[in-house]
Amino acid sequence: RIVHAVKDEDGVRNIILYFRSKQDVFYIDVENIDEYNQSKPFIFLLCVREICEDVDQFGRGIIGVDATFGVTMYGMALFAVMGRTNGGAIPLAYFISSAKSELAVTMGLQKFRKAVDSILFDKSVRINGAKYSVANFESYHPMGICIDKDDAELNAIRSVFPESLPILCHYHFMVIMTDEVRSTRHSMQDYEVRLMMDIVREIAAATTINDLFLKLDKMKELSVSYYNYFETNFLNDRWIDTFCEVNRQHFPLSLQRLCRSNMLVEVSFRTLKYTIFGGLQNKRLDELLYSIAFRLYPYFMIRQAGVRKCAPRLIINTCDRKSGTLLYKYVVAF
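**Q** So what exactly am I meant to see when it comes to the sheet that holds strand β7 (residues 165–168) here?
**A** Think of a sheet as strands paired side by side through backbone hydrogen bonds, with each pair either parallel or antiparallel. Strand order in the open sheet made by the seven strands is β1-β2-β5-β4-β3-β6-β7, with mixed pairing throughout. Among the strands making up the open sheet, the edge pair consists of β1 (26–31) and β7. Here the average twist between neighbouring strands, direction ignored, is 25 degrees. The pairing of strand β6 (residues 144–147) with β7 spans four bridges and is classified as parallel. Its bridge partner being in β7, G144 is matched across the sheet by L165. On top of the sheet, helix α11 (residues 263–276) reaches β3 (62–68), β4 (77–85) and β5 (88–97); it is set at about 120 degrees to β4, its chief contact.

**Q** How should the packing of helix α6 (residues 170–181) against helix α9 (residues 224–233) be read in this particular structure?
**A** Working note: a packed helix pair is described by the angle between its axes plus the distance between those axes. In contact at an axis separation of 11 Å, α6 and α9 are set at 145 degrees when each is read in the N-to-C sense. Like other packed secondary-structure pairs, α6 and α9 cross with a definite hand, here right-handed. Contacts from F173, I176, M177, E180 and V181 in α6 reach Y226, Y229 and F230 in α9.

**Q** So what exactly am I meant to see when it comes to the side chain of E180 here?
**A** Following the sequence through the fold, E180 ends up in helix α6. In this structure the side chain of E180 is engaged in a polar contact, spanning 2.5 Å, whose partner is the side chain of H186. Apart from the residues within four sequence positions on either side, E180 is in contact with R185, H186, Y226 and Y229.

**Q** Is there a simple way to think about the packing of helix α8 (residues 209–222) against α9 in this case?
**A** Their axes nearest at 5 Å, the elements α8 and α9 cross at an angle of 135 degrees. In terms of orientation, α8 and α9 fall into the oblique class. Contact with α8, carried on its side by L216, M219, K220 and L222, involves V224, Y226, Y227 and F230 of α9 and no other residues of that element.

**Q** Just checking my understanding: could you explain the confidence of the model for the protein chain for this structure?
**A** Should pLDDT be low for a region, the predicted coordinates there are not to be read in detail. Across the protein chain, the average pLDDT comes to 85, with 86% of residues at or above 70. Note on residues 311–334: pLDDT under 50 across the span, and 21 contacts to partners over four residues away in sequence or across chains.

**Q** I tried to follow a nonpolar patch on the surface on my own but got confused; where do I start?
**A** On the surface, Y171, V175 and M263 cluster together to form a nonpolar patch covering roughly 260 Å² of accessible area. Considering the arrangement of structural elements, one finds M263 in helix α11.

**Q** What is the right way to read the pairing of β3 from this model?
**A** Counting buried positions along β3 gives seven out of seven residues, so the element sits mostly inside the fold. As judged from the three bridges shared by β3 and β6, these two strands associate in the parallel manner. Bridge pairing in β6 places G64 opposite C146. The pairing of β3 with β4 spans five bridges and is classified as antiparallel. Counted as the bridge partner of T68 is L78 from β4.

**Q** Just to check I follow, could you spell out the state of the cysteines for this structure?
**A** This model, assessed by the stated rule, comprises zero disulfides. There is no disulfide at C47, and the cysteine sulfur nearest it, in C52, is 4.3 Å away. C146 takes part in no disulfide bond, and the closest cysteine sulfur, belonging to C169, lies 4.9 Å away. Judged by relative accessible area, C146 falls into the buried class, the value being 1%.

**Q** How should I be thinking about the nonpolar core in this particular structure?
**A** Burial of nonpolar side chains together is a common tendency in soluble globular proteins. If you look at the biggest cluster of nonpolar residues, it comprises 91 residues, and the most contacted ones within it are F44, F112 and F173. Top element by residues in this core is helix α12 (residues 285–309). It accounts for eight residues. Those residues in contact with F44 that lie beyond four places of it in its chain are I16, F19, I28, D29, V30, Y94, F95, I96 and L289. Membership of the second largest hydrophobic core comes to seven residues, among which are C146, I167, C169 and F251.

**Q** What am I meant to see in the pattern of salt bridges here?
**A** Once the charged atoms of two side chains with opposite charge are near each other, the side chains can pair. Counted by the stated rule, this structure contains 15 salt bridges. Of the charged contacts in the structure, one is a salt bridge between K100 and E153, with a shortest N-O distance of 3.9 Å. Taken together, the residues span a long stretch of sequence, with K100 in the loop between β5 and α4 (102–128) and E153 in helix α5 (residues 151–160) at a distance of 53 residues. Residue classification places E153 among the buried positions, given a relative accessible area of 1%. Between E202 and K218 there is a salt bridge, and its shortest N-O distance comes to 3.2 Å. Of this pair, E202 sits in helix α7 (residues 190–204) while K218 sits in helix α8, placing them 16 residues apart in sequence. Assessed through its relative accessible area of 30%, E202 is described here as partly exposed.

**Q** Honestly, the environment of V160 in this entry has me stumped. Any pointers?
**A** One can find V160 in helix α5. Considering only alpha carbons, one finds V160 and R113, 47 residues apart in sequence, at a separation of 7.9 Å. When neighbours within four sequence positions are excluded, V160 is seen to be in contact with T106, L109, Q110 and R113.

**Q** Explanation requested: the packing of aromatic side chains in the structure shown.
**A** Tallied over the entire structure, the rule returns 20 aromatic pairs. Between the aromatic rings of Y36 and F42, the centroid separation amounts to 5.7 Å while the plane-to-plane angle is 35 degrees, which identifies the pairing as tilted. Between F112 and Y140 the ring centres are 5.8 Å apart and the planes differ by 85 degrees, which places this aromatic pair in the edge-to-face class. Of this pair, F112 sits in helix α4 while Y140 sits in the loop between α4 and β6, placing them 28 residues apart in sequence. As far as burial versus exposure is concerned, F112 and Y140 are alike and both buried. One aromatic cluster is present, built from ring pairs that chain together Y18, F19, F26, F44, Y290 and F294. Just above the ring of F234 sits the side chain of K149; from NZ or CZ to the centre is 5.1 Å. For R270, the ring lying beneath its charged end belongs to Y274, and the centroid distance is 5.0 Å.

Conventions and cut-offs
Residues numbered from 1 in each chain as written. Predicted model: local features only at pLDDT ≥ 70, side-chain atom pairs only at ≥ 80, totals over all residues. Heavy atoms only, no water. Pairing = 2+ DSSP bridges. Helix = DSSP H or I, 4+ residues; strand = E, 2+ residues; numbered from the N terminus. Axes fitted to C-alpha atoms, helices over the stretch in contact; angles between N-to-C directions. Contact = heavy atoms within 4.5 Å. Left-handed = near helix turned anticlockwise from the far one by under 90°. Polar contact = N/O pair within 3.5 Å; in protein donor to acceptor, adjacent residues only side chain to side chain. Parallel < 35°, antiparallel > 145°, perpendicular 65-115°, else oblique. pLDDT = per-residue confidence, 0-100. Patch = residues over 30% accessible without salt bridge, like charges linked within 9 Å, V, L, I, M, F, W, Y side chains within 5 Å. Areas by Shrake-Rupley, 256 points an atom, 1.4 Å probe, with all protein chains shown as cover. Salt bridge = Lys/Arg side-chain N within 4 Å of Asp/Glu carboxyl O. Buried < 20%, exposed > 50% of the residue type's maximum accessible area, 1.4 Å probe, protein only. Disulfide = S-S within 2.5 Å. Core = buried A, V, L, I, M, F, W, Y, C linked by side-chain atoms within 4.5 Å. Phe/Tyr/Trp six-rings, centres within 6.5 Å; stacked < 30°, edge-to-face > 60°. Lys NZ or Arg CZ within 6 Å of the ring centre and 35° of its normal.

Here it is, written out as structure tokens:
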């Protein structure tokens with residue numbers, strides 16, 4: 001009944017009223033719902049309090065941020081802010097925006113940080129009582145935020161989370177590099193393409209500045225035109241800190257291994273589009289809000305709860321032939 005109003009806008013208003021009546025479960029923040037434009041984008045943030053209360057476990061390390069389109073008939077962007085659990089991805093927040101401009105992304109991330117701070121503060125007061133106050137509250141920020149090569153998202157993150165390190169998704173970085181190295185304008189032979197991709201991988205894996213410079217010299221020796229492209233697009237003040245391991249050495253080793261890809265966000269979008277919507281394009285905004293709150297969030301929460309009760313299939317004892325994967329069993333038997 002909430003989402004099957006005759007008009008989409010009526011359904012949206014109905015579900016907003018419902019969310020506000022369930023403030024112990026949901027946190028919402030809505031802006032410019034009646035009238036919006038490029039200078040005043042529409043933003044709708046939705047969080048589940050239960051998840052954000054555990055953000056110290058799921059979102060203090062590396063989180064992912066990205067947007068997808070085609071989820072409403074209005075051309076709005078759906079942004080996902082994803083943390084990591086033992087069961088894989090967990091949504092810390094979703095926000096819907098009428099644009100993907102830097103202003104819209106900044107507003108969405110500001111609302112996300114405000115939401116987490118509010119939820120964590122409420123939890124701290126509830127646990128510690130009168131002993132807790134704003135004076136000893138630390139505002140939320142993750143160690144790193146993984147994104148695609150998007151200047152709007154990068155600038156928004158540096159504005160809202162200046163303490164966090166932006167991380168360029170390794171997969172998207174390699175796709176860009178692979179497409180460029182095959183371009184005819186660089187006039188590289190097949191063996192040169194293979195050599196260049198080896199150099200690119202070494203650059204992405206560089207852990208010291210000297211190591212990075214040595215690899216860049218090798219790139220320039222192999223192809224000046226390709227080096228010039230790389231210098232223009234990546235060796236600038238926006239992206240030079242994001243694509244290699246130099247600035248991640250202060251991370252714990254476990255985070256260094258987990259911050260190379262933005263696949264957590266891709267999992268969320270694929271789950272929404274193909275598991276929740278069954279591969280059909282959603283048309284209405286009220287249906288999208290309903291599906292996120294009552295179908296998508298529960299999907300990830302149930303999966304995480306299942307992992308808590310039943311540990312993942314990992315090798316827990318080398319003496320136990322029933323543990324581990326089929327490959328492990330084969331190796332032990334051999």
